Every structure is written in C-alpha cells, then in structure tokens.
Amino acid sequence: MIAVLLGPPGAGKGTQGELLAARLGVPKVATGDVLRAAVRDGTEQGLAAKAFMDRGDLVPDAVILGIMKEVLASPDAAKGAILDGVVRTVPQAEGLTMMLAELGRKVDKFLLFDVAENELVMRLGGRTVCEKCQTPYRGLEPGTDCEKCGGTLVRRKDDEPESIRNRLRVYQAQTEPVIEWAKEKKMEVVKIDATGAVEEITDRAMKALGE
Ligand code: AP5
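Since the model is a prediction, treat every value here as computed from it, not as a measurement.

Trainee: Just checking my understanding: could you explain the pattern of salt bridges for this structure?
Mentor: Across all of its chains, the model carries 20 salt bridges by this definition. Two residues, Asp 33 and Lys 28, come together in a salt bridge whose shortest N-O distance is 3.4 Å. With relative accessibility at 21%, the residue Lys 28 sits in the partly exposed group. As a salt-bridge pair, Arg 36 and Asp 33 come within 2.9 Å of each other at their nearest N and O atoms. Placement of both Arg 36 and Asp 33 in helix α2 (residues 31-41) is noted, with a separation of three residues, approximately one turn of the helix. On the basis of relative accessible area, Arg 36 is assigned to the partly exposed category, the value being 21%. Salt bridges sharing common partners tie together Glu 18, Lys 28, Asp 33, Arg 36, Asp 84 and Lys 148.

Trainee: Can you walk me through the site of the ligand in this structure?
Mentor: The immediate surroundings of the ligand are formed by 33 residues, with Thr 15, Asp 57, Arg 88, Arg 127 and Arg 167 found nearest. Contacts to the ligand include Ala 11, whose backbone N or O atom sits 3.2 Å from an oxygen atom. Between the ligand and Gly 12, the relevant distance is 3.0 Å, taken from an oxygen atom to a main-chain nitrogen or oxygen of the residue. In isolation the ligand exposes 1000 Å². Once the protein is present, 95% of that is buried. Put simply, the parts of the chain that give the shell around the ligand at least two residues each are α1 (13-24), α2, α6 (117-125), β6 (136-138) and α8 (198-208). Per-element tally for the shell around the ligand: the top contributor is α2, with four residues. The residue inventory of the shell around the ligand, partitioned by class, reads 14 nonpolar, nine polar and 10 charged.

Trainee: Would you mind going over empty space enclosed by the protein with me for this structure?
Mentor: Over the atoms rolls a probe the size of a water molecule, and in doing so it shows where empty space is left. This model, assessed by the stated rule, comprises one cavity of 30 Å³ or more. Reported here for the largest cavity is a volume of approximately 40 Å³. What lines the largest cavity is Val 29, Thr 31, Met 68, Val 71, Leu 72, Leu 83, Val 86 and Leu 96. Of the residues forming the lining of the largest cavity, the biggest block, three residues, is contributed by helix α4 (residues 61-73). Taken together, the residues of the lining of the largest cavity sort by class into seven nonpolar, one polar and no charged.

Parameters at a glance
- Residues numbered from 1 in each chain as written.
- Predicted model: local features only at pLDDT ≥ 70, side-chain atom pairs only at ≥ 80, totals over all residues.
- Heavy atoms only, no water.
- Salt bridge = Lys/Arg side-chain N within 4 Å of Asp/Glu carboxyl O.
- Buried < 20%, exposed > 50% of the residue type's maximum accessible area, 1.4 Å probe, protein only.
- Helix = DSSP H or I, 4+ residues; strand = E, 2+ residues; numbered from the N terminus.
- Near = heavy atom within 4 Å.
- Polar contact = N/O pair within 3.5 Å; in protein donor to acceptor, adjacent residues only side chain to side chain.
- Areas by Shrake-Rupley, 256 points an atom, 1.4 Å probe, with all protein chains shown as cover.
- Nonpolar A, V, L, I, M, F, W, Y, C, P; charged D, E, K, R; others polar.
- 1 Å grid on protein atoms, 1.4 Å probe; cavity = no way out; pocket = protein on both sides within 12 Å on 5 of 7 lines; lining within 4 Å.
- Points joined across faces, edges and corners; volume = space filled by probe spheres on them.

Next up, the structure:
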C-alpha cells in the first residue's frame, strides 16, 4: 500500500501518518522530518533547505525528488509506505508517479485531510514537537520531555504567525493543484474529515484505505 497524505499545514498529517503506518506495518516517510533532521545535523542539504523552511516556503523540487528516490529504493519501503507531505507540487507528483512506475508500483490512494483554516491556525499556534523524534504535541510547553523518546519539546520556527500565514498561502497556490492533477489522472483522492478525536480520524482514514 502506497498512500500519499495531502492537506494543509496543521491538518494532522504527521499525527495520523504515524498511527496509520503502525496499523499497516509500513514505514511513514515525511519530507518535513527528513529536512528538519538535515537542518539539525547541519548537512549540505539541511543548510540549503533551512531558509525556505523557516519562511514557510517550499524547498526546491530537485531536493525533494532526490529524497523520494532514496526513500523508494530503501528495502523498508518494499511493503509500502505512508508518504506524509512528500508531494506538494505538480512536478513532485509527476516525479513520484514516474519513479514508482519504474519500480512497477503506483500510488494506491491520496488521502486529503480536511480541516477549517481557523482550526489549523489554532493547532499550529499551540504545537510543540520533539526535537529528537519530531513527534507533535498539543497542550505541552517547550522544554517538556517527549513522552515517546525523552527528547526535549520545542516550538517549530515555521509555527510563528507570519510563517503560518505564508504556509497556508503556499499550500493553496502550489499544493492544491496536485488534487486536480491526481483527479485528472484518474487517481483516487479521498477526502477525510480530519476534525474530532485523533483515533476516530485514524479509523476514517483506515476505512478510506480499504483496511
Ligand atoms: P512539514 O513538516 O510537512 O509541515 P506541514 O505540511 O506544514 O505540516 P505540519 O507538520 O505543520 O502539520 P501536520 O499536518 O503534519 O499536522 P500535525 O500532525 O503536526 O513541512 C515543513 C516544511 O518543510 C515545509 O513548509 C517546506 O518548507 C518543507 N517541505 C517538506 N516537504 C516538502 C516538499 N515535498 N516539497 C517542498 N518543501 C517541503 O498536527 C498539528 C497540531 O495539531 C499538533 O499539535 C497536533 O498534536 C495537533 N492535532 C493533530 N490532530 C488533531 C486533532 N484531531 N484535534 C486537535 N489537534 C490535533
């Protein structure tokens, strides 16, 4: 099963991606997490990506296509994968489908997480994430220990109000066209109501995946 999670910043892609991957027994891959780890480790890729990310702009397609290639070639992904935020532009969607076709595979489903804008802004304003394992939390202050790995919770730089506004604009301008593109290609895009209890949303997503 290869599922691509789509949806605006704060829609819960990271939260649900983790749960879906655990239920399906496949890895979750999030380009945001890969890039933040590269920034933290000070790699060349991280240095190139940092300014884009802090402003809430997209990192260039060439960087993302390179990450996709590495991920799809990894043996971990042989059974499938949950791809969280991996596709944010039409050229990225085209690149992913081409790489998968070369491997004799395809995207089985796009899941589109739907949340009203005022709720997104509220969620992102209140989010902390573990700087080590990147698990997102709500209602916990920076400096708290991560319940999962013991790392320290921090606020993301792109969760400042100005960056949040920019990320929402970027989503509308560059990522929403992917939805139309997928529909035109007769690929399955399932919209999920992503408000309410986390577990219920996971159940809705599993049902949408036919599991
Ligand atoms: P990325 O890290 O992917 O950020 P994003 O897409 O903006 O998404 P978020 O992580 O902000 O939100 P989410 O939907 O995962 O929600 P979460 O589960 O955390 O990307 C960051 C940056 O990297 C991009 O801006 C770009 O620069 C770059 N990048 C990454 N991929 C790229 C690509 N393919 N191309 C180009 N550039 C790329 O939940 C949010 C909050 O809500 C949390 O606090 C959570 O606890 C809470 N929450 C979750 N579910 C619920 C619920 N049901 N009810 C209430 N609260 C909830």
